[in-house]
Amino acid sequence: MEKTARREKNIRRQVLVVDDELVNRRLLGFIVSRDYEVIYAENGIRALELIRKNERLLSLILLDLLMPEMDGYELLEILKADPALKRIPVIVLTSEKTAEVKSLQLGAADFIPKPYDMPEVILARVRRSIELAEDNIIIHETETDVLTGLYTKQFFYQYCRQHDRYCIDMKMDALVLNINRFHLVNELHGREYGNRVLMLLADNIRTLLNETNGLACRCEADSFFIYTPHRDDYGELLAEYAERFRSAIESSRISFRLGIYENVDMSIDIEQRFDRANLACTNRRSTYTSSYAVYDTQLHERELYNEKLISDMDKALEEKQFRVFYQPKYNIKGDKPVLASAEALIRWIHPELGMVSPGAFIPLFEENGLVQKLDHFVWREAAAQIKRWKDKYGRTVPVSVNVSRIDIYDAQLEEKLREIVRSNGLEPNEYLLEITESAYTDNSEQIIDKVNLLRKDGFRVEMDDFGSGYSSLNMLAALPIDALKLDMQFIRTICSSEKDLKMVELVIGIARFLNVPVIAEGVETEEQYLLLKKIGCDIIQGYYFSKPVSPEEFNKLIEAEQKEELLC
Amino acid sequence: MLTIDSLREYGADVDDGMKRCLNNEGFYLDLVKSVIPDTRIAELEAAIADGDLDKAFETAHALKGMYSNLALTPLSAPVTEITELLRSRTQTDYSGLIDTIKKKKAELDSL
């Protein structure tokens, strides 16, 4: 009763009692009027008049079957055939068992036997029939999208789940279908035209559903979700759609993008399955032709992995999961290679993922700006390390650190670096900065100004990855740099490619002209080392001498050299 | 005078009838009184006499519903019996049943 009261929200619903027998009419009316407003009719014709008149108000009809003029069956048939009236539930009053079946077939919601049940039973049946009918209307009105007649999203998901319960072994595809540049379609041709396009697409989807027994909804604006048994011919399907649009809508340049998550994993939520299809759809960037993309598990896992790295970074900094390793650079001008400096390289020892390569996280952090935090961390660590070595061995091993593109735009860059150097009791010339060549070409004026300022402060600047960007000779001449660092790519093929060897010779020539040393990194073999030495390269970095090592390991390199010096 | 007690004495299942009227005595008695002027028993008798068993069935069926709802058992029992015979259009002598019905109706009228 509580539930009824709440549902009814003070609305007193109207019930029509149709019976030719006055006593029955009065008796039933007396019972029902306890909870409802009751109107009466003594035959089918009179009942139909009242039903039409009270169409919107009427919640239920209690209908006797055997009546003069128009009987109950005839009235049931009329109601069933009328879309406006068939929503009104009818409870049939009957004393005949055989009449029950026929009434139900004609759409009766329930029946009440004669002589009447106890009033509570009658009221309960009346209430339940009204509730069911109202729920049905609410569901029907909210489950479909008004424009296209396809399901709305929440109902769609519900029906998909229901489908899975009954068809456990069926291989299903989740599809997300979007119209390319739909907002422009709307803007250019007007909303009415846009709606026509959406309705036409919905019709096409319905045709597909009829063939495959699938389900579909309009998720939002121009985004349609389709859940259908697996098929292989989506390319053809799209071409077919595009063709139908060309013939149905004049001057139509409508194209689609389709994201497919094939043979969905039934163990994940339906929402997640469509997230995957949506991901495939979003990654499909072609905007002028119809195309489709299939969800790729590996791609997704990579995205998840990347997302994890990004979200874990702050914690990693706090918990000191990042460690700075050092790779020595050796001067090879003399007879014996001499330790000249080192490059600081970051390593991430992730508590769950283990050692994460910088190649995996640096590009991510460059993209979202987090790389600045990392750079600052490395800068401070490197300066402190230079100081430690200085204290321990009485010599400076200059360390080069990476200055990312985003750092260049930091107005406080010089101040920050000065502070780091100063607080460790170092001179700026003990500290090397590496700036990638492509940063120079991006915005050469600003970077040249910045590098000039840094060098004025005493810092030494190495141009990293030289040869990978597009520096003009003109710009090179004007560049304020202290060393050229060859792109690793050349070193890799220097022994096998005549062209690359020539390139390296050329770069060395440029360096001579600029009067700066050339550093080759990524040197792995003796052959490479000897060749580079022969053509005049100044400094070498790479596995041939040492991989990047921890500060403790690096100590040994310094100590080894000191021992050798003593021997000499 | 027609009262709950006199109806009970007459043989009506008063408790059943009263429940159906939400135990409203006045309403129940009012409904019972309203069937007294009803002339359909005479119509039923005439239809049977005319051999119009279709009309006789309809009339009997209507009376059955009415008397049963009011729990007027002395009337609803023979009326139900005659309704079932008429449903199958049985050719038989209905006079005995009609007499019982008329007698019970007269008893009701005299309460």
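Residues numbered from 1 in each chain as written. Chains lettered and ligands numbered in written order. Predicted model: local features only at pLDDT ≥ 70, side-chain atom pairs only at ≥ 80, totals over all residues. Heavy atoms only, no water.

*Asks:* Any chance you could explain the overall build of chain A here in plain terms?
*Replies:* The secondary structure content of chain A amounts to 23 helices and 19 strands. A total of 568 residues make up chain A; the buried ones form 50% of that total. Accessible surface, chain A as shown: approximately 28,600 Å² in total, 50% of it carbon and sulfur. (Helix = DSSP H or I, 4+ residues; strand = E, 2+ residues; numbered from the N terminus. Buried < 20%, exposed > 50% of the residue type's maximum accessible area, 1.4 Å probe, protein only. Areas by Shrake-Rupley, 256 points an atom, 1.4 Å probe, with all protein chains shown as cover.)

*Asks:* Sorry if this is basic, but what is going on with the nonpolar core here?
*Replies:* Side chains of a nonpolar character, in soluble globular proteins, are inclined to be buried together. Formed by 81 residues in total, the largest nonpolar core has its most connected members in A:Phe322, A:Tyr431, A:Tyr440 and A:Leu532. By size, the runner-up hydrophobic cluster in this structure holds 56 residues, among which are A:Val23, B:Val14, B:Tyr28 and B:Leu72. (Core = buried A, V, L, I, M, F, W, Y, C linked by side-chain atoms within 4.5 Å.)

*Asks:* Looking at this structure, I do not really get the interface of chain B and chain A. What am I missing?
*Replies:* Reports of interface size often rely on the accessible area that becomes lost once the parts have come together. With 21 residues of chain B at the interface, the matching set in chain A holds 15 residues. Summed over both sides, the interface of chain B with chain A buries roughly 1,800 Å², with 63% coming from carbon and sulfur. Looking at the side of chain B facing chain A, the largest losses of area belong to B:Arg20, B:Leu22 and B:Asn69, adding up to 35% of the total buried there. Counting across the chain B and chain A interface gives 2 salt bridges. A salt bridge links B:Arg40 to A:Glu21, with the shortest nitrogen-to-oxygen separation between them at 2.4 Å. The tally of links from chain B across to chain A stands at 5 residue pairs in polar contact (both at pLDDT 80 or more). Residue assignment for the side of chain B that touches chain A shows that the elements contributing at least two residues are helix H2 (14-20), helix H3 (25-35) and helix H5 (53-69) of chain B. Ranked by residue count, the leading element in the side of chain B that touches chain A is H5(B), at 7 residues. Counted by class, the side of chain B that touches chain A contains 8 nonpolar, 6 polar and 7 charged residues. (Contact = heavy atoms within 4.5 Å. Buried area = accessible area lost by both parts, 1.4 Å probe. Salt bridge = Lys/Arg side-chain N within 4 Å of Asp/Glu carboxyl O. Polar contact = N/O pair within 3.5 Å; in protein donor to acceptor, adjacent residues only side chain to side chain. Nonpolar A, V, L, I, M, F, W, Y, C, P; charged D, E, K, R; others polar.)

*Asks:* Explain the confidence of the model for chain B to me, please; I cannot follow it from the model alone.
*Replies:* Fine structural detail should not be taken from predicted coordinates in areas where pLDDT scores are low. Chain-level statistics for chain B give a pLDDT mean of 92 and a share of 100% at 70 or above. Confidence metrics for the complex model read pTM 0.54 and ipTM 0.90. (pLDDT = per-residue confidence, 0-100.)

*Asks:* Would you mind going over the side chain of A:Gln14 with me for this structure?
*Replies:* Tracing the backbone shows A:Gln14 in strand S1 (residues 14-18). We classify A:Gln14 as buried; its relative accessible area is 6%.

*Asks:* Help me understand the environment of A:Gly354, please; the structure alone is not making it clear to me.
*Replies:* The topology assignment puts A:Gly354 in strand S13 (residues 354-356). Setting aside residues up to four positions removed in sequence, A:Gly354 forms contacts with A:Trp348 and A:Ile349.

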